[in-house]
Amino acid sequence: MTLATPTLHTTRLRLRPFTGADAERLFAMHSSAHVMRYWDSPTWDDPARAERFIVKCREVAEEGTGTRVAIDRASDGAFVGWCGVTAWNPEYRSASLGYCLGEAMWGRGYATEAAHALVRWAFDTLDLNRVQAEADTRNAGSARVLEKIGFVREGTLREDCVVDGEVSDSWVYGLIRREWRPERLSPLT
């Protein structure tokens, strides 16, 4: 079953399907060691990696296992980053949330706003009972994003990632439908 990639609008952002024009901005973001320091994968060193990411986004939607959307600032169209709901399991009514923003966009509430909009869409569209997310334990900013949306820290995966020889732990967060409060943040426009 194909899952249509949504276009969503919030007060300050537009979440939309990726296009080939996003490849250069994706590569710039994912090739930054500072942006990727808490990720469970190394920085990108080949621009073609961005094109493969965009193809994979389409495949995820075509397979019906989730969606990833580009995030633009509504005021000027500036590329902010991306957000995704993947690993959708209709039988268990669960999925995973992930996001990545360019460093210039940090600290402005964009990750919270985009993730909130996509989680709302996912609960409404996919009939989810649970959304899960993980954050490196050193990434306090990402933990705050999840907690603002209503995610609850459920535990720690000890030494679950090794990237560039560095071992790290991850926090596991969960958001259950009965605890979901879509009004936590401003409504979609």
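Up top is the structure.
Definitions and limits used
Residues numbered from 1 in each chain as written. Predicted model: local features only at pLDDT ≥ 70, side-chain atom pairs only at ≥ 80, totals over all residues. Heavy atoms only, no water. Core = buried A, V, L, I, M, F, W, Y, C linked by side-chain atoms within 4.5 Å. Buried < 20%, exposed > 50% of the residue type's maximum accessible area, 1.4 Å probe, protein only. Helix = DSSP H or I, 4+ residues; strand = E, 2+ residues; numbered from the N terminus. Contact = heavy atoms within 4.5 Å. Phe/Tyr/Trp six-rings, centres within 6.5 Å; stacked < 30°, edge-to-face > 60°. Lys NZ or Arg CZ within 6 Å of the ring centre and 35° of its normal.

Looking now at the nonpolar core. The biggest cluster of nonpolar side chains holds 39 residues, and the ones touching the most others in it are Leu 15, Leu 97 and Phe 151. Secondary structure elements with two or more residues in this core: strand E2 (13-16), strand E3 (67-73), strand E4 (79-89), strand E5 (94-101), helix H3 (110-126), strand E6 (130-136), helix H4 (140-149) and strand E8 (166-176). If one sorts the elements of this core by residue count, H3 sits on top with eleven residues. In this view, Leu 15 contacts Pro 6, Thr 7, Leu 8, Val 69, Ala 70, Ile 71, Ala 114, Ala 117 and Leu 118; residues no more than four positions away in its chain are not counted. Grouped together as the second largest cluster of nonpolar side chains are 15 residues, Phe 18, Phe 53, Ile 54 and Trp 82 included.

Excluding glycine, residues mostly have negative phi values, and the peptide bonds linking residues are mostly trans. A positive phi angle is found at Ala 87, which is not glycine, with a value near 55°. Its location among the elements puts Ala 87 in strand E4. Notably, Arg 93 is not glycine yet its phi reads approximately 55°, a positive angle.

The next point concerns the packing of aromatic side chains. The tally for this structure, following the rule as stated, stands at five aromatic pairs. Geometrically, the ring pair formed by Phe 18 and Phe 53 is edge-to-face, given 5.7 Å between the ring centres and 90° between the ring planes. Taken together, the residues span a long stretch of sequence, with Phe 18 in the loop between E2 and helix H1 (23-30) and Phe 53 in helix H2 (residues 48-63) at a distance of 35 residues. Using a relative accessible area of 8% as the deciding quantity, one classes Phe 18 as buried. Through successive ring pairs, a cluster of aromatic residues spans Phe 18, Trp 39, Trp 44, Phe 53 and Trp 82. Above the face of the Trp 171 ring, Arg 153 is positioned so that its terminal group lies 3.7 Å from the ring centre.

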